[in-house]
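Residues per chain, in single letters:
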Amino acid sequence: MNDKLSAELYERAKKHLPGGVNSPVRSFRSVGCTPRFIAKAKGDRITDVDGNEMIDYVCSWGPGILGSADIRVLEAVKTACDDGLTYGAPTKREIEMAELLAELVPSIEISRLVSSGTEAVMSAIRVARGYTKRDKIIKFQGCYHGHSDGLLVKAGSAALTTSVLDSAGVPADYSKHTLVADYNNEESVEKLFKEYAGEIAAVIVEPVAANMGVVLPKDGFLQFLRDITTKNGALLIFDEVITGFRLALGGAQEYFGITPDMTTLGKIIGGGMPVGAYGGREDIMRCVSPDGPVYQAGTLSGNPIATAAGLATLNILKEDRDIYKRLEKKTEVLDEAIKSASGGRVHTNRVGSLMSVFFTKEAVTNFESATSSDTEEYAKYFKYLLERDIYVAPSQFEAMFVSNAHSDEDLNKTCDVIKSYFG
Ligand SMILES: *Cc1c(COP(=O)(O)O)cnc(C)c1O
């Protein structure tokens, strides 16, 4: 393995970027090695500056459902570029995108484009508060919803009804409006609705949690959230930044048949460009400025190039009728290889083309069981794979993403490496 040039760039990067990176997980800190600096990517392969060509299961943390540099998406971007990069005025493609979202995503009648998942979630919560005229929200321990102040909150150690900040620089007052419940634990949600009756604006949840590793909702959990929010006049927000267009064209809400009031999107919707979106029922979304009193704006929102990349990607997914079946099959191949080779030493969670290998013997159903994983063992596994040109997430608590570009040959190669690790 040669990482000489990456190591040199990392030293140089650390001088002028925090941790040498523009987003923390890229630094490879949790696995204790030097991050690879990437030169290019094509299909299911990603190539670093030292010329190592690796099979990519990070897929830019989710956007790359078609693999990298899909020629159809590139063409759409190049064509759009010729007409100028940004105007700050409405364009036809933005209507096409809103129409497509209304067609594909069950909960969405009206939507607005933003430039990241963080922005989508932050804005959706503001709308939920404006619509219900209530302040408090419930989120789940281990679910990630971007880095806005009010969401960097975790459960306090004393009781489930106290919450504490998860980052420096956030005023303590912010945590008091964010209540933290336990994923897959209905009682923890009931308790909060009882204690804060009439005060809860919304419950926000990743319908499949994918930021503590992949954790599936247990049977009935999403229906329970649907019922308890309706009963209490609160909104249900599905954060589908990862699951949107990944589990199905209509996301987890289509996959599980549960329709939330609002949905946030990101990652795949931008086709590799910075895009997020939030949307929902018409009566809720009419609260958004300039139709209503909830202010939200963006200089580059609905950017013509980003919208072109997103539209091209969504239209490819829409026209490829059995793509989700193929994605699931590919992922199953990896899952089966791990299960048979590991002899019960790990636990895998999988849905569609999302998967996690937890280095624990416990079934992983929430934050507590996810964090029972042996992260040092994961770091060993990560390095073993990396040295053999298999690029998976440099953290136990991130998903493994499978794309349409993963070839049978590369999947088999990956299975062989995994088998030799556990062998
Ligand atoms: C990635 C992610 C976000 C944040 O999106 P950014 O584009 O990184 O700001 C929010 N919610 C979920 C579920 C995510 O996976």
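Structural notes, computed from the coordinates. None of the values given here were measured: they were computed from a predicted structure. (Residues numbered from 1 in each chain as written. Predicted model: local features only at pLDDT ≥ 70, side-chain atom pairs only at ≥ 80, totals over all residues. Heavy atoms only, no water.)

### Things to note about the environment of Gly343
Part 1 of the argument: Considering the arrangement of structural elements, one finds Gly343 in the loop between helix 10 (323-342) and strand 13 (347-351).
Part 2 of the argument: For Gly343 and Pro106, which are 237 residues apart along the polypeptide, the C-alpha to C-alpha distance reads 40 Å. (Helix = DSSP H or I, 4+ residues; strand = E, 2+ residues; numbered from the N terminus.)

### Here we look at the site of the ligand
Part 1 of the argument: Neighbouring residues of the ligand: Ser116, Gly117, Thr118, Tyr144, His145, Gly146, Glu206, Asn211, Asp239, Val241, Ile242 and Lys267.
Part 2 of the argument: In this structure, Asn211 approaches the ligand through a side-chain N or O atom, which is 3.1 Å from an oxygen atom.
Part 3 of the argument: Take Lys267: an N or O atom from its side chain is 2.6 Å from an oxygen atom of the ligand.
Part 4 of the argument: Calculation on the ligand without its partners gives an accessible area of 380 Å², and the protein chains cover 82% of this total.
Part 5 of the argument: Of the residues contributing to the shell around the ligand, the split by class is three nonpolar, six polar and three charged. (Near = heavy atom within 4 Å. Polar contact = N/O pair within 3.5 Å; in protein donor to acceptor, adjacent residues only side chain to side chain. Areas by Shrake-Rupley, 256 points an atom, 1.4 Å probe, with all protein chains shown as cover. Nonpolar A, V, L, I, M, F, W, Y, C, P; charged D, E, K, R; others polar.)

### Here's the deal with the side chain of Thr263
Part 1 of the argument: As for its position among the elements, Thr263 is in strand 11 (residues 262-265).
Part 2 of the argument: The exposure class assigned to Thr263 is buried, which follows from its relative accessible area of 0%.
Part 3 of the argument: Within the structure, Thr263 has its side chain in polar contact with the side chain of Ser107 (distance 2.5 Å).
Part 4 of the argument: Within the structure, the side chain of Thr263 is placed 2.9 Å from the side chain of Gln253, a separation counted as a polar contact. (Buried < 20%, exposed > 50% of the residue type's maximum accessible area, 1.4 Å probe, protein only.)

### Comments concerning empty space enclosed by the protein
Over the atoms rolls a probe the size of a water molecule, and its path tells where empty space is left.
Part 1 of the argument: Using the criterion set out here, one finds one cavity of 30 Å³ or more in the structure.
Part 2 of the argument: Approximately 90 Å³ is the volume attributed to the largest cavity.
Part 3 of the argument: In terms of lining residues, the largest cavity is bounded by Met355, Ser356, Val357, Tyr378, Tyr381, Val392, Ala393, Gln396, Glu398, Ala399 and Met400.
Part 4 of the argument: Looking at the lining of the largest cavity, the elements that each hand over two or more residues are strand 14 (354-358) and helix 12 (375-387).
Part 5 of the argument: A total of three residues in the lining of the largest cavity trace back to one element, the largest contributor, which is strand 14.
Part 6 of the argument: A breakdown of the residues in the lining of the largest cavity according to their chemical character gives eight nonpolar, two polar and one charged. (1 Å grid on protein atoms, 1.4 Å probe; cavity = no way out; pocket = protein on both sides within 12 Å on 5 of 7 lines; lining within 4 Å. Points joined across faces, edges and corners; volume = space filled by probe spheres on them.)

### Some points on the pairing of strand 2 (residues 45-48)
Part 1 of the argument: The sheet contact formed by strand 1 (residues 38-42) and strand 2 spans four bridges and is antiparallel. Counted as the bridge partner of Lys42 is Arg45 from strand 2.
Part 2 of the argument: Counted between consecutive antiparallel strands, the loop separating strand 1 from strand 2 contains two residues, among which Gly43 sits at a positive phi close to 65°.
Part 3 of the argument: Two elements, strand 2 and strand 3 (residues 53-56), share three bridges in a ladder whose sense is antiparallel. Residue pairing in the sheet places Ile46 in a bridge with Met54 of strand 3.
Part 4 of the argument: Taking the residues that link successive antiparallel strands as the turn, the strand 2-strand 3 hairpin has four residues, and the phi of Gly51 there is positive, at about 90°. (Pairing = 2+ DSSP bridges.)

### Some details on the layout of surface pockets
Part 1 of the argument: Looking at the second largest pocket, its volume works out to about 620 Å³.
Part 2 of the argument: Along its surface, the second largest pocket is lined by 29 residues, and Glu94, Ser111, Arg112, Leu113 and Ser301 are the ones closest to its centre.
Part 3 of the argument: At the level of elements, helix 3 (92-104) and strand 4 (110-114) are the ones that each hand at least two residues to the lining of the second largest pocket.

### Examining the state of the cysteines
Part 1 of the argument: Evaluated as defined, the whole model comprises zero disulfides.
Part 2 of the argument: Left without a disulfide partner, Cys33 is nearest to the cysteine sulfur of Cys59, which lies 19 Å away.
Part 3 of the argument: Judged by its relative accessible area of 22%, Cys33 is partly exposed. (Disulfide = S-S within 2.5 Å.)

### Considerations on the packing of helix 5 (residues 186-195) against helix 6 (residues 221-231)
If you want to describe how two helices pack, look at the angle between their axes and the distance between the axes.
Part 1 of the argument: Orientation of helix 5 relative to helix 6, taken along the N-to-C sense of each, is 10°, at an axis distance of 11 Å. In terms of axis orientation, helix 5 runs roughly parallel to helix 6. Side by side, helix 5 and helix 6 meet where Glu186, Val189, Glu190 and Phe193 of the first sit next to Phe221, Phe224, Leu225, Ile228 and Thr229 of the second.
Part 2 of the argument: Partitioned by chemical class, the residues of the contact of helix 5 with helix 6 number six nonpolar, one polar and two charged. (Axes fitted to C-alpha atoms, helices over the stretch in contact; angles between N-to-C directions. Parallel < 35°, antiparallel > 145°, perpendicular 65-115°, else oblique. Contact = heavy atoms within 4.5 Å.)

### With respect to the sheet that holds strand 15 (residues 390-391)
Part 1 of the argument: Taking strand neighbours across the sheet as the criterion, the four strands line up as 1-2-3-15 in an open arrangement whose pairing is mixed. In this open sheet, the two edge strands, each paired with only one partner strand, are strand 1 and strand 15.
Part 2 of the argument: With two bridges connecting them, strand 3 and strand 15 associate as parallel partners. Its bridge partner being in strand 15, Ile55 is matched across the sheet by Ile390.
Part 3 of the argument: Each of strand 2, strand 3 and strand 15 is contacted by helix 13 (residues 408-422), which is oriented at about 95° to strand 3, the strand it contacts most.

### Some details on the pairing of strand 5 (residues 136-140)
Part 1 of the argument: Within strand 5, five of the five residues are buried, leaving the element largely enclosed by the surrounding structure.
Part 2 of the argument: Neither face of strand 5 is left uncovered, since the one carrying Lys136, Ile138 and Phe140 and the one carrying Ile137 and Lys139 both have all their residues buried.
Part 3 of the argument: In this sheet, strand 9 (residues 200-205) lies alongside strand 5 in parallel orientation, the contact comprising three bridges. Along strand 9, the bridge assignment pairs Lys136 with Ile200.
Part 4 of the argument: One ladder, built from four bridges, connects strand 5 with strand 8 (residues 178-181); its direction is parallel. Each bridged residue has a counterpart across the sheet, and for Ile137 the counterpart in strand 8 is Thr178.

### Remarks on the pattern of salt bridges
Part 1 of the argument: On inspection of all chains with the given rule, the structure shows 21 salt bridges.
Part 2 of the argument: Here Asp48 makes a salt bridge to Arg36, at a shortest N to O gap of 3.0 Å. In this pair, Asp48 is assigned in strand 2 and Arg36 in the loop between helix 1 (4-16) and strand 1, connecting sequence segments twelve residues apart. With respect to class, Asp48 is no different from Arg36; both count as buried.
Part 3 of the argument: The closest approach of N and O atoms between Arg45 and Asp410, which form a salt bridge, is 2.7 Å. Within this pair, whereas Arg45 is found in strand 2, its partner Asp410 is found in helix 13, the two being separated by 365 residues in sequence.
Part 4 of the argument: Taking the relative accessible area as the measure of exposure, Asp410 reaches 4% and is therefore buried. (Salt bridge = Lys/Arg side-chain N within 4 Å of Asp/Glu carboxyl O.)

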